[in-house]
Structures are given as C-alpha cells and as structure tokens.
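# Overview (structure and organization)
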Amino acid sequence: MGLNTSADAPLPVGQVSRLIGGWIDRLGQVWVEGQITQLSRRPGAGVVFLTLRDPSHDISVSVTCFRQVWEEVADAVSEGARVVVLAKPEWYAPRGQLSLRVTEIRPVGIGELLARLERLKRSLAAEGLFALDRKKPLPFLPQLIGLVVGRASAAERDVLENARRRWPAVRFEVRNVAVQGVHAVPQVVQAVKELDARPDVDVIIVARGGGSVEDLLPFSDEEVVRTVAAARTPVVSAIGHEPDSPLLDLVADLRASTPTDAAKKVVPDVGEELERVRQLQGRGLRALLGLLDREERGLAHALARPVFVHPQRMVETREAELDALLGRSRRTLGHLLDRADSELEHTRARVLALSPAATLERGYAVLQRADGHVVRSPGEVGPGQVLRARVAAGEFAVEVTAESTAESAAEITAEVTAESASKTAQG
C-alpha cells in the first residue's frame with residue numbers, strides 16, 4: 001500500500017527498511033531457479049554462501065544454506081550448475097540486503113540425473129560391488145566371446161572387425177539389444193544372463209557408442225549393475241567414449257574406453273604374440289648356448305687338471321704307498337715272528353730242562369704202584385709187591401724182594417737199574 005510522504009515529511013531509512021522487510025516476510029517460501037555462482041564453503045563454518053544468478057536477465061541474489069543442506073547435493077552440484085531451490089526471502093535491515101535462506105536444493109535436468117546416479121553410486125559402493133578384489137581376470141585367449149550390443153551399430157562393427165583383425169580364429173556369440181529407451185535395461189539384463197549361463201563363453205563385452213547422459217542411463221541402472229556384479233563370467237564394459245563413465249564401468253571386471261579398445265584388451269594380437277614367441281625362442285636359444293658354452297669351458301678346465309691328464313698317476317702313487325705299507329708290515333711281522341720264535345726256543349729249553357723227561361734221560365726212573373701213585377718212600381712198598389718202573393725209553397714191571405729198609409732200597413735200586421739195562425739191551 002502506498003505511503004503518504006513528501007519532501008517535507010520523508011520517511012527515515014530505518015522505517016523504509018523495516019517496511020520492506022515486512023513486505024518480504026509476507027512472501028513466504030518460494031521455489032527459485034537459477035545458476036550457482038561465487039560458491040563459498042569456509043572450513044568449519046556451518047553455513048554455505050553462494051550467489052544464484054538468472055543468466056537470461058543478468059540478475060543475481062545472495063543465497064545462504066546450512067552445510068547439511070548443501071552436503072546432500074555437493075557431489076552432483078558445483079559452481080555453474082543450474083538448480084531449483086526452496087527458499088524463504090530474507091531482508092537484512094541494517095544493510096538493506098536481500099538474500100534467500102535455502103532449505104532444499106535440487107539439480108535441474110542433467111544435474112538432477114547426476115545427483116540420483118551419485119546417490120546410487122554411493123549406495124552400491126557401500127555394498128562393496130565396486131571393490132577391486134571382486135574383479136575377475138580375463139582369459140589370455142578367449143575361445144568364445146559374448147557380445148551385448150545394439151543391432152547393426154558402429155560399436156558392433158568396431159568390436160568384431162578389430163578382434164578378428166587381431167586374432168582371425170576368434171568366435172563371437174552376439175546378442176543385439178536396445179541400448180537406450182525403456183526396453184534397454186530388461187534386454188541388456190537378459191542378454192548378460194543368457195551369455196553368463198553358457199559354459200563355453202569365456203568373456204562378455206557390453207558395448208555401446210557415445211551419446212548424451214540420458215542415452216547412457218540404462219548402463220547406470222541398478223538392475224544392470226547388480227546383474228553384472230553377480231555374473232560368473234568376466235565382463236568388459238565398453239560404453240561411450242573416454243569421458244563417459246556409467247556405473248557399469250565401475251562394476252565391470254575391466255573398463256574399456258571405447259568398443260575398439262575393448263577388442264584390443266580382450267583379444268591378443270597374433271602378430272605380437274608370434275613376435276613374442278620368436279623373442280622367447282631367441283632368448284631360450286641364447287640361454288641354452290650360454291649354458292652349453294659355460295659347461296664346455298668347465299669341462300675343459302676340469303680335463304686340464306693333472307688327475308684327468310694322467311689318471312694313472314693317482315693309481316701309481318697309491319700303488320707305491322701300498323707297496324711301502326706292505327714292506328713295512330712284512331718287516332714288522334718278520335721281526336715279531338723272529339722275536340716270538342726266539343722266546344719260544346728259550347721257553348722250550350727251560351721247559352725241557354725242568355721236565356721230568358730230562359731227568360729220566362739222565363738215568364733216573366720213577367716207580368709207581370698199581371694204582372698209579374708214585375713211590376716216594378721205601379716204606380710205601382712191601383716184599384713181593386709189583387711196581388711199574390718208568391724210565392726215559394719206556395716202562396717195565398719190578399718186584400720188591402726185600403724189606404723196606406735203607407739197605408734194601410739200595411738193592412732194589414740196583415736191581416731196577418740192572419733189569420732196566422737188560423730190557424734196554426733186549427729191546
């Protein structure tokens with residue numbers, strides 16, 4: 001409503017500012033669209049400051065929001081992005097400044113899509129679907145490759161031509177699907193499941209050419225991502241061009257920048273492999289020749305040693321040592337035998353000198369009774385008793401003819417001696 005003022009009755013600045021604030025307060029919350037400029041996020045501050053600009057009319061307004069409001073879209077919204085905000089206009093009376101206190105921020109168009117994808121990305125990452133330890137290695141030379149691609153597309157042609165150029169014998173099992181639109185997600189999911197169920201498929205390539213963010217949305221769909229994550233067969237993502245990065249790239253076992261790059265990463269180049277084989281053959285041959293040369297030098301060095309030049313010298317040396325040892329042993333044994341023989345002769349002489357036979361040889365005799373006991377005293381025999389007399393040359397019988405006296409003993413001895421001499425003469 002108008003105010004009655006004049007040059008003579010002007011309104012104070014403070015009253016005008018308060019009136020403007022009252023009018024703005026009655027406006028309430030409004031949805032505002034604009035482009036973010038002059039973003040200021042001070043570390044530790046609980047409030048984020050930015051400017052919302054209308055690029056069509058070159059008009060800007062200051063915006064403030066709590067940090068938690070900004071953090072909800074911070075990953076998808078940056079300076080220069082277009083957003084829709086729910087805000088309440090506020091008037092700062094002391095300085096006469098208008099600002100918007102924002103309670104909700106929504107990206108507009110692509111920004112909104114990116115924000116939704118970012119929230120899905122964080123959720124899937126929290127489940128561990130993008131973890132590196134889930135990645136399966138690709139086979140060195142796949143015999144059968146599954147290809148999920150649009151019908152008669154440039155991506156299909158690039159994959160097939162480049163793969164067959166690198167390895168002519170490679171085989172493909174192609175599944176043509178819709179790669180954008182409402183039918184893309186179910187067809188891609190079905191194709192991946194069919195190829196994964198076949199045991200003869202070694203690797204699966206999901207390929208598509210470039211396009212807008214909206215065109216590539218099917219390859220960021222949660223169902224597609226979970227299907228690829230659950231696949232038993234390694235999956236290669238080849239969606240769009242190098243800057244494009246759908247969620248399929250993060251869950252796939254290998255990300256290729258383009259369909260052509262996928263063919264190069266999945267199929268080895270036959271020329272390169274043949275060259276590598278030739279290099280390995282050359283390295284193996286050089287290693288073998290080096291080993292043979294080293295062993296030949298070692299053998300020549302060993303053969304040059306005296307033991308191989310004159311091998312009989314060792315035998316001759318040992319033979320001389322053996323002869324010397326035999327001579328020493330013979331001499332030692334001879335000395336031992338001579339010494340033993342000398343000792344034996346001395347012992348024999350002593351034995352002969354001390355033996356009863358030697359005494360008998362000197363003419364003595366030994367008298368024995370019939371029971372074999374030796375007669376040591378004349379009192380041990382009586383007249384008429386028959387004794388055995390043992391002399392050096394033999395023995396004979398004698399008869400006692402006198403009393404056992406010292407005189408008769410002399411007679412007995414004389415008779416024994418006489419009879420012994422007679423028998424000796426007769427013998």
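Worth saying up front: this structure is predicted, and the values here are computed from it rather than measured. (Residues numbered from 1 in each chain as written. Predicted model: local features only at pLDDT ≥ 70, side-chain atom pairs only at ≥ 80, totals over all residues. Heavy atoms only, no water.)

Judged by nonpolar contacts, the single largest core of 29 residues is most densely connected at Leu124, Val148, Ile204, Val206, Phe219, Leu248 and Val251. Those elements that provide at least two residues to this core are helix H3 (110–126), strand E6 (144–149), helix H5 (184–197), strand E8 (203–208), helix H6 (222–230), strand E9 (235–239) and helix H7 (247–251). Among the elements that take part in this core, H5 stands out by supplying six residues, more than any other. The next biggest cluster of nonpolar side chains, apart from the first, holds 20 residues, and it includes Ile145, Ile205, Ala207 and Val236. (Core = buried A, V, L, I, M, F, W, Y, C linked by side-chain atoms within 4.5 Å. Buried < 20%, exposed > 50% of the residue type's maximum accessible area, 1.4 Å probe, protein only. Helix = DSSP H or I, 4+ residues; strand = E, 2+ residues; numbered from the N terminus.)

As paired elements, strand E1 (residues 30–40) and strand E4 (residues 82–92) share six bridges and run antiparallel to each other. Counterpart to Val32 in the pairing with E4 is Val85. Between the end of E1 and the start of strand E2 (residues 47–54), which pair antiparallel, lie six residues, with Gly44 showing a positive phi angle near 85 degrees. (Pairing = 2+ DSSP bridges.)

We now examine the pattern of salt bridges. According to the stated counting rule, one finds 20 salt bridges in the structure shown. Glu194 serves as the salt-bridge partner of Arg175, at 3.0 Å between the closest nitrogen and oxygen. Here Arg175, found in strand E7 (residues 171–176), pairs with Glu194, found in helix H5; they are 19 residues apart in sequence, far enough to count as distant. When its relative accessible area of 33% is taken as the criterion, Glu194 is described as partly exposed. Taking the shortest distance from any N to any O, the salt bridge between Asp293 and Arg297 comes out at 1.9 Å. Within this pair, Asp293 and its partner Arg297 are both found in helix H9 (residues 270–303), separated by four residues, close to a single helical turn. Here the residues in one salt-bridge network are Glu173, Arg175, Glu194, Arg198 and Asp200, joined through shared partners. (Salt bridge = Lys/Arg side-chain N within 4 Å of Asp/Glu carboxyl O.)

Right, let's get into a nonpolar patch on the surface. On the surface, Leu285, Leu288, Leu289, Leu291 and Leu292 cluster together into a nonpolar patch covering about 440 Å² of accessible area. Structurally, the position occupied by Leu288 is in helix H9. Taking relative accessible area as the criterion, Leu288 reaches 44% and is therefore assigned partly exposed. (Patch = residues over 30% accessible without salt bridge, like charges linked within 9 Å, V, L, I, M, F, W, Y side chains within 5 Å. Areas by Shrake-Rupley, 256 points an atom, 1.4 Å probe, with all protein chains shown as cover.)

This part takes up unusual backbone geometry. With a phi close to 50 degrees, Gln38 is a non-glycine residue in the positive phi region. Secondary-structure assignment places Gln38 in strand E1. Look at Gln38 and you get exposed, because its relative accessible area is 58%. Even without glycine at this site, Ala152 takes up a positive phi of about 50 degrees. On the secondary structure map, Ala152 appears in the loop between E6 and helix H4 (154–166). Judged by its relative accessible area of 70%, Ala152 is exposed.

Below, the discussion takes up the sheet that holds E2. In spatial order, the strands read E1-E2-E3-E5-E4; together these five strands close into a barrel with mixed pairing. Going from strand to strand, the sheet's axes swing by 55 degrees on average, the running direction of each strand aside. Here strand E3 (residues 59–66) pairs with strand E5 (residues 97–107) via four bridges, running parallel. Note that in E5 the partner of Thr64 across the bridge is Arg101. (Axes fitted to C-alpha atoms, helices over the stretch in contact; angles between N-to-C directions.)

At a closest axis distance of 9 Å, the pairing of H5 and H6 adopts a crossing angle of 5 degrees. With respect to their mutual orientation, H5 and H6 come out roughly parallel. In this structure, H5 uses Val185, Val188, Val189, Val192 and Lys193 to contact H6, whose residues at the interface are Glu223, Val224 and Thr227. Here the contact of H5 with H6 is composed, by residue class, of five nonpolar, one polar and two charged. (Parallel < 35°, antiparallel > 145°, perpendicular 65-115°, else oblique. Contact = heavy atoms within 4.5 Å. Nonpolar A, V, L, I, M, F, W, Y, C, P; charged D, E, K, R; others polar.)

We now examine the environment of Asp261. Considering the arrangement of structural elements, one finds Asp261 in helix H8 (residues 259–266). Taking the C-alpha atoms as reference points, Asp261 and Ala238, 23 residues apart in sequence, are found 7.7 Å from one another.

In this section: the pairing of E9. Most of E9 sits inside the fold, with five of its five residues counted as buried. As defined by bridge partners, E8 adjoins E9 across five bridges and the pair is classed as parallel. Bridge pairing links Ala207 to Ala238 in E9. One ladder, built from two bridges, connects E9 with strand E10 (residues 254–255); its direction is parallel. Its bridge partner lying in E10, Ser237 is registered against Arg255.

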